[in-house]
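# Structure at a glance
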Amino acid sequence: MLALFTQPIDAARMIAVPKIDWLAIGPPVVLFTAALAIVLLASLLRGRSLQHDLDDWVVLCAFAGPIEFWLGRFSAIRYNHDVFSIIVMLAGIGSVAFAMGVSIVRKHTFAASLVIALAGVISAVAITVAQWNVVRTSGSFTSMAGAVAVDGMAVFVMGVVLVATVFGLLLGTSWIRREQLEGPEFLALLLLCATGMLVMASANDLIVVFVALEVFSIALYVMTAFDRHRIESQEAGLKYFLLGAFSSAIFLYGVALTYGATGSTNLVTIRESLTGLVGGDNGLLMVGFALMLVGLGFKVAAAPFHMWTPDVYQGAPTPVTAFMAGATKVAAFGALLRIFVGSFDLLQTDWRPAVYGLAIVSMIVGSVAAIVQTDVKRMLAYSSIAHAGYVLIGVQVATESNGGLGGTSAALFYLGIYMLMAVGAFAVIQVVGRARETDSSLDDYKGLARKEPVLAGLLTLFLLAQAGVPLTAGFVAKLTVFKAAVDAGQFQIALIGMLSATVAAFVYLRIVLSMYSGDEHGSATPVEGNRLTVDLPVRITISLTAALVLLFGVVPGWLLDVAEHATSILAG
Amino acid sequence: MLGAQLLVAENAFFYVIAAVMAYGAIRVVTTNNIVHAALYLVVVLAGGAAQYLLLGQEFVAWVQVIVYIGAVIVLFLFGIMLTRAPMKAEEKLTNDLRGAALIPTGLLAAILATLCLDAFSDKTVDLVSPIRTKAVTSAIFRGYLVPFEVVGVLLLGALIGAVVLARRD
């Protein structure tokens, strides 16, 4: 029996150890580690038995040091007691410090989790910056057996997701404190969600895209249903889960059919295999990428796959909605760009009309359906559908054979700006919503300008930016998208985009009007009584997003430049 | 020709197993007992495993048995037992939309059949040198290492999510 274990391992039967490229997979690994640390911290410190064990151990160590020291000094046994006792004493001091740390962390588990989470995100940002420098100096590359692509677009999408994660953590902190919910789990789920998005941003293989999609989707389902006090949250979570699981299955079916048609799931290999297929109508491939388009269209909330969006955006806790709007869209659009613009570039005559149609339907449905809404979160949900439409304009002109890469950079720029505008607006909505998030109807915003002039002013800024008013970043974003369309000779879609933007502006102005009027009549007096509490995390989020929205509205050059350099998709 | 005889035998087995699977699949949705539905699903999944074996895909076949029959179906049965779902035959298990459901189902089946016939009818499976487990292992731990590890992240996320949602306090 023992011989079985002592036998030398046959070298021919061993699998060669794969090479790990830590730079390429660094950001998601760091975030995942942080999430794991938070889970361990939360679960270990809640266990009572461990604390007792620790106490005993600490007491033992604390006393062992001095006892040994004196024993050593006075006993007849001669040994090198100096070094030994110093070690024991240090161990004792260390244990006391550790125990104090444990008790502090135990009291402030949530704060400690937040510190870990922020440290994780900041480290991930640092690695992302390093990747950006590598990509800029020596070009994009694939690693981990072609499963991971490190290119401009991956880094850009990761950057936007990470910034959204910071905002999500801050808003989530404020919300958790207000609603008195279990904090560490929320932060861990948020980090796991962001991990999935980072993997998706750099996924160069359809299987990786699918698994990453599932990682962040499952975390989002749970976060949507996280609020146990509100039945709406539970309902939204269930709806999102059922429809989301369906759309994931559709996407997976598309992946399977594409694999059947091309013989590979690797996006670079697929691209290469398509060169021999041009002109031929391959039914398997057509249905394959149509199904993938449906699956991703669901995730980016493009009409007609938008049915879940209003309910889920409204029912989900507001920080989750903010994160969903900002980060999910950019991650899913990253995958959309990578698959369609990057891999199926040669088949653009087949998929472009579909994306063109999706863009138009999304813009119209998002703008028009928002008019009849009376709930502000719901209105912004419809507006997010319209914004998906504007990004899709960028996606469908983003083919190399069609006037350069203006479309990709326009889409990426739009996504980055939309993240800021959405997070800022939802941050204000979170504050106005108060405990249990009851106040989000249009009436609740009546007279807000009188009660909270700064908050109302900032929400006005975010809404005007979403409407695309000049001197805000939203204007530049819309301009770049429409310019990309006009450059490619697509005047019709640019015109439809402008018209729908005008309709959408009406929706935003309705919210603004509601804030600046309605108080005199005294009919609705919702924002009365004690002032709204805006705590520090929310304050940071709102001021940062507002500053950036204004900054990129006046001097958009830097971000535009970054987006233009981020258009490289796939190595080679 | 041993090869040709083998092929005939395999084809015969394929059709027998396929018929059993089809019967099982229909019974899953038509039976009035939810436990029976789960057990008919076992027939379908076992049939799938048998088909993989016929194609020489030993690893996929046993994964199918272990994961689907061993874990998923058992989970189904646990779910039925733990949630006070009715264990005996129920009249109302299928609703009035069963006729309408035939339309999308039939459409999907037609599309998939057409697609697969169109794409693969002229292809033959090389049964002489099937993909061995070693090749699958090598693919998982080298070529598909990243998705394999990310699945671990997925499971952790699902685990935390389940705890968060199920906890009562």
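Thresholds applied
- Residues numbered from 1 in each chain as written.
- Chains lettered and ligands numbered in written order.
- Predicted model: local features only at pLDDT ≥ 70, side-chain atom pairs only at ≥ 80, totals over all residues.
- Heavy atoms only, no water.
- Helix = DSSP H or I, 4+ residues; strand = E, 2+ residues; numbered from the N terminus.
- Buried < 20%, exposed > 50% of the residue type's maximum accessible area, 1.4 Å probe, protein only.
- Contact = heavy atoms within 4.5 Å.
- Areas by Shrake-Rupley, 256 points an atom, 1.4 Å probe, with all protein chains shown as cover.
- pLDDT = per-residue confidence, 0-100.
- Expected span 1.5 Å × (residues − 1).
- Polar contact = N/O pair within 3.5 Å; in protein donor to acceptor, adjacent residues only side chain to side chain.
- Buried area = accessible area lost by both parts, 1.4 Å probe.
- Salt bridge = Lys/Arg side-chain N within 4 Å of Asp/Glu carboxyl O.
- Patch = residues over 30% accessible without salt bridge, like charges linked within 9 Å, V, L, I, M, F, W, Y side chains within 5 Å.
- Core = buried A, V, L, I, M, F, W, Y, C linked by side-chain atoms within 4.5 Å.

From N to C terminus, chain B includes six helices and zero strands. Listing each helix as α and each strand as β along chain B from the N terminus yields α-α-α-α-α-α. By residue count, 20% of the 169 residues in chain B fall in the buried class. Counting only contacts in chain B whose residues sit at least 6 apart along the sequence, the fraction spanning at least 24 positions is 64%. For chain B, the computed accessible surface area is about 11700 Å², with 73% contributed by carbon and sulfur atoms.

With that settled, consider the overall build of chain A. A tally of helices and strands in chain A yields 22 helices and two strands. Each of the 572 residues in chain A was classed as buried or not, and the buried ones make up 57%. For chain A, the exposed surface amounts to about 22600 Å²; the carbon and sulfur share of it is 69%.

What follows concerns the confidence of the model for chain B. On average, chain B scores 84 in pLDDT, and the residues at 70 or more come to 89%. Predicted complex, confidence summary: ipTM 0.86, pTM 0.87.

Moving on, we get to helix H8 (residues 206-224) of chain A. All names here are of chain A. For H8, which comprises 19 residues, the first-to-last C-alpha distance of 26 Å matches the rise-based estimate of 27 Å (1.5 Å per residue) to within 8%. Of all the 19 residues making up H8, 18 are buried; the element is thus mostly covered by neighbouring parts of the structure. Capping the start of H8 is the job of one residue whose side-chain oxygen sits 3.0 Å from the backbone nitrogen of Ile-207: Asp-205.

Contact with chain B, which involves 28 residues of that partner, is made by 39 residues of chain A. Carbon and sulfur atoms supply 79% of the area that chain B and chain A bury against each other, a total of about 2800 Å² over both sides. Joining chain B to chain A, the criterion identifies zero salt bridges. At the junction of chain B with chain A, the criterion picks out two residue pairs in polar contact (both at pLDDT 80 or more). Among the elements of the structure, helix H4 (98-120), helix H5 (133-143) and helix H6 (145-166) of chain B are those that each provide at least two residues to the side of chain B that touches chain A.

Let us look at the pattern of salt bridges. Residue and element names in this part refer to chain A. Under the defined criterion, the tally for this structure stands at nine salt bridges over all chains. Between Arg-178 and Glu-179 there is a salt bridge whose closest N-O contact spans 3.1 Å. The exposure class of Arg-178 is partly exposed, given its relative accessible area of 26%. The buried category is assigned to Glu-179, whose relative accessible area is 2%. Salt-bridge contacts for Lys-446 lead to Asp-443; the nearest nitrogen and oxygen are separated by 3.4 Å. By relative accessible area, Lys-446 is classed as partly exposed at 25%.

Residues and elements named next belong to chain B. A surface patch of nonpolar side chains, amounting to about 560 Å² of accessible area, comprises Leu-53, Trp-62, Val-63, Ile-66, Val-67 and Tyr-68. The element best represented in the nonpolar patch is helix H3 (residues 58-82), accounting for five residues. Within the secondary structure, Ile-66 is located in helix H3. When its relative accessible area of 60% is taken as the criterion, Ile-66 is described as exposed.

Below, the discussion takes up the nonpolar core. Residue and element names in this part refer to chain A. One finds Phe-323, Ile-339 and Phe-344 to be the most contacted residues of the largest nonpolar core, which totals 198 residues. Per-element tally for this core: the top contributor is helix H16 (residues 406-433), with 20 residues. If sequence neighbours within four positions are ignored, Ile-339 has contacts with Leu-206, Val-209, Phe-251, Leu-267, Met-292, Leu-296 and Phe-344.

Looking now at the confidence of the model for chain A. Detailed reading of the predicted coordinates is not advisable wherever pLDDT is low. When pLDDT is averaged along chain A, the result is 84, and 85% of the positions lie at 70 or above. No element of chain A has a lower mean pLDDT than helix H1 (residues 2-6) of chain A, which averages 55, and none a higher one than H8(A), which averages 94.

With that settled, consider the environment of Ile270(A). As for its position among the elements, Ile270(A) is in helix H10 (residues 267-274). Apart from residues lying up to four places away in sequence, Ile270(A) is in contact with Leu206(A), Thr258(A), Thr262(A), Ser264(A), Thr265(A) and Phe344(A).

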